[in-house]
Amino acid sequence: MKTQTHFDVIVCGGGPGGIGAALGSRATGARTLLIERYGYLGGGATAMLVNPFMPYITGNKQIIHGVFERLLQALAARRAYGAPNQPTAFDPEAFKIVAERMCLEAGVDLLYHAYLASADTDAEGRISRIHLATKGGLLTLTADIFVDATGDGDLAAMTGCQVETGRPEDGLCQPMTLNFRMAGVDVERMPSRQEFTAMYIAAKERGEISCPRENILFFFSTQPGVIHFNTTRVVKLDATDSWQLTAAEIEARRQVWQLAEFFIKQVPGFENAYLQMTAPQIGVRESRRVLGKYVLTAEDCLETRKFADAIARGCYNIDIHSPTGEGTVIKRIPPGEWYEIPYRSLLPKGPGNLLIGSRCISATHEAHSAIRVMPIVMAIGQAAGVAAGLSVRGNVLPRNLPVLEIQRELLAQGQSFDKPGLDLP
Ligand SMILES: Cc1cc2nc3c(=O)[nH]c(=O)nc-3n(C[C@H](O)[C@H](O)[C@H](O)COP(=O)(O)OP(=O)(O)OC[C@H]3O[C@@H](n4cnc5c(N)ncnc54)[C@H](O)[C@@H]3O)c2cc1C
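Residues numbered from 1 in each chain as written. Predicted model: local features only at pLDDT ≥ 70, side-chain atom pairs only at ≥ 80, totals over all residues.

> I keep staring at the pairing of strand β22 (residues 339–342) and nothing clicks. Help me out?
Along any regular strand the residues' side chains alternate between the sheet's two faces. Residues Tyr339 and Ile341 of β22 are buried on one face, and the alternating residues Glu340 and Pro342, pointing to the opposite face, are buried as well. Across four bridges, the pairing between strand β19 (residues 310–314) and β22 is antiparallel. Bridge assignment links Gly314 to a residue of β22, and that residue is Tyr339. (Buried ≥ 20, exposed ≤ 12 C-beta atoms within 10 Å, placed from the backbone. Helix = DSSP H or I, 4+ residues; strand = E, 2+ residues; numbered from the N terminus. Pairing = 2+ DSSP bridges.)

Right under this line is the structure:
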């Protein structure tokens, strides 16, 4: 049994960002621990049952490589990536084993069933210790550098970082959604998306369904006859408050069963279908955002801005599901274009030995709605991990690390940028 309590780098949270961070850090040679509250990796991809991957190719150009690309290859090798009508769908069970194998083979230490509960800072304002709630009681660990990959910015909030929540006018976040899957569907007989939504709206008008979402959002899955639904909507609740999170789970489960019964009774193709599963936890699109040296904006995304200190790229649209009820606002990135994410958005206004490596980087409510998708977050995480590992190697704080060094290491790890001269020694 492991008794080590100090690591070069500790990554808190094993979602897409945390997986990227742990692998990015470990590849620099840093002794890296990845902690996760559940008994498997994946976060949104597994525990929230999110599917499919949003785009990482724009025009004909693939803009995200690195850890994400290796994960895709490993999923494909298990025939767990891509479905006839959904090219970027993946099997969440395969995601668990693939991500775990990638971490173990790279030499990342894993600690599951460990819930980050609190953290201490020292006189210089650095994180000195973290305390994890585990089956064996409280476990205290130390590291030179920490990466917050909890999605919610838990470590940042615990250590006094400046955080923002939701939209500027009222602090309300994007809604939560409990994803679910129906199995035994006769896919050939399913109505078109438009017909499906028309039936749903009619059922809402008859008072048979109560759900704030304006349409039926479904995806095909990697399993025959299994349809993935991203249709429930719970608004105006705070995902960082356990009482409100509980209320959200209860309301979302009510919606799931109402929807499933409606499908089975009224929608062609669902006569013999059944509710296969709901996600282990409700999906959280947005909670805290950790303010940093640079705040990424909607204009940065829509005008596809490039930065000298770019560490990741994205091409996903601004996509805001209404925080109050019906409606989804989409502002599109020009076709074939992409924006960059600067390193400064990963450097919080807070402890000098902390980096942000998940969806909660320094961005506005609007920009967050674009960069939050899994391929982009995995690239952000990888960059945070690389910066953490290089900080340890150079014995410097992340904010003092030359960004060229981070970019070169990311290139060496298979990530790609269009910066002339970057590949020169
Ligand atoms: C309903 C919904 C639909 C979405 N649709 C898509 C889509 O179709 N395609 C797409 O690409 N993206 C989609 N997204 C976005 C995407 O899933 C998330 O933004 C992404 O997973 C964020 O990754 P992350 O690593 O930042 O956080 P997460 O995926 O949330 O991972 C955080 C990890 O940290 C762990 N953790 C959290 N707090 C603690 C703690 N205190 N202690 C220990 N562990 C902790 C969690 O268990 C989790 O494993 C969707 C999101 C939602 C909610």
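> Quick question: what am I supposed to make of the site of the ligand here?
Taken together, 38 residues form the shell around the ligand, and within it Gly13, Gly15, Gly43, Gly44 and Ser358 come nearest. Elements supplying a minimum of two residues to the shell around the ligand: α1 (16–26), β8 (115–121), β17 (283–284) and α9 (374–394). Among the elements that make up the shell around the ligand, the one with the highest residue count is α1 (three residues). When its residues are assigned to classes, the shell around the ligand shows 17 nonpolar, 14 polar and seven charged. Shared between two domains, the shell around the ligand holds at least three residues of each, these being domain 1 (6–167 + 286–316 + 332–412) and domain 2 (176–284). (Near = placed C-beta within 6 Å. Nonpolar A, V, L, I, M, F, W, Y, C, P; charged D, E, K, R; others polar. Domains from an automatic or database assignment.)

> Looking at this structure, I do not really get the packing of α9 against helix α10 (residues 403–412). What am I missing?
Angle between the axes and distance between the axes: these two values describe a pair of packed helices. Look at α9 against α10: their axes get within 10 Å of each other, and the N-to-C directions meet at 120°. Where α9 crosses over α10, the two elements pack in a sense that is right-handed. Judged by residue contacts, Gln382, Ala383, Val386, Ala387 and Leu390 of α9 engage Glu405, Ile406, Glu409 and Leu410 from α10. Residues of the contact of α9 with α10, tallied by class, amount to six nonpolar, one polar and two charged. (Axes fitted to C-alpha atoms, helices over the stretch in contact; angles between N-to-C directions. Left-handed = near helix turned anticlockwise from the far one by under 90°. Contact = placed C-beta atoms within 7 Å.)

> Looking at this structure, I do not really get α1. What am I missing?
Three or four residues apart is the spacing at which side chains of an α-helix point the same way, because the helix has 3.6 residues per turn. Extensive coverage of α1 is indicated by the burial of 11 of its 11 residues. Looking at α1, one finds that the buried residues are Pro16, Gly17, Gly18, Ile19, Gly20, Ala21, Ala22, Leu23, Gly24, Ser25 and Arg26. For α1, the elements touching its buried residues are β1 (6–12), β2 (32–35), α2 (66–77), α3 (92–106), β10 (137–148) and α9.

> It is not clear to me how the sheet that holds strand β14 (residues 218–220) should be interpreted in this structure. Could you clarify?
Whether parallel or antiparallel, the strands of a sheet pair through hydrogen bonds between backbone atoms. In space, the four strands of this open sheet follow the order β14-β15-β13-β16, with antiparallel pairing throughout. Of all the strands in the sheet, just β14 and β16 (274–278) have a single pairing partner and so form its edges. Strand after strand, the sheet turns through a mean of 30° between neighbouring axes, direction not considered.

> I'm lost on the domain arrangement of the protein in this one. Help?
How big an interface is tends to be stated in terms of accessible area lost as the parts join. Partitioning the protein into structural domains gives domain 1 (6–167 + 286–316 + 332–412) and domain 2 (176–284). Its C-alpha centre places domain 1 at a distance of 29 Å from the equivalent point of domain 2. Each partner contributes to the interface: domain 1 provides 18 residues, whereas domain 2 provides 13 residues. Considering only residue class, the side of domain 1 that touches domain 2 consists of nine nonpolar, six polar and three charged.

> I tried to follow the pairing of strand β20 (residues 318–321) on my own but got confused; where do I start?
Bridge count for β20 against strand β21 (residues 328–331) is four bridges, and the pairing is antiparallel. In the sheet register, Asp319 faces β21, and the bridge partner there is Ile330.

> Please explain α9 as it appears in this structure.
In a regular helix each residue adds 1.5 Å, so 21 residues correspond to 30 Å; α9 covers 30 Å between its end C-alpha atoms and thus fits that length. Of all 21 residues that make up α9, 19 are buried, and the element is covered over most of its length. Two residues or fewer past α9, Asn395 is found with a positive phi of approximately 50°. (Expected span 1.5 Å × (residues − 1).)

> Where do I start with unusual backbone geometry in this structure?
Residues apart from glycine generally show negative phi values, whereas peptide bonds are mostly found in trans. The omega torsion of the bond from Asn51 to Pro52 falls at -10°, within 30 degrees of zero and hence cis. Looking at where Pro52 falls in the secondary structure, it is placed in the loop between β2 and β3 (57–58). In this structure, Leu49 takes a positive phi of about 55° despite not being glycine. The residue Leu49 is located in the loop between β2 and β3 in this model. Given 24 C-beta atoms within 10 Å, Leu49 falls into the buried group. Of note, Asn395 is a non-glycine position whose phi angle comes to about 50°, a positive value. Asn395 sits in the exposed class, given 7 other C-beta atoms within 10 Å.

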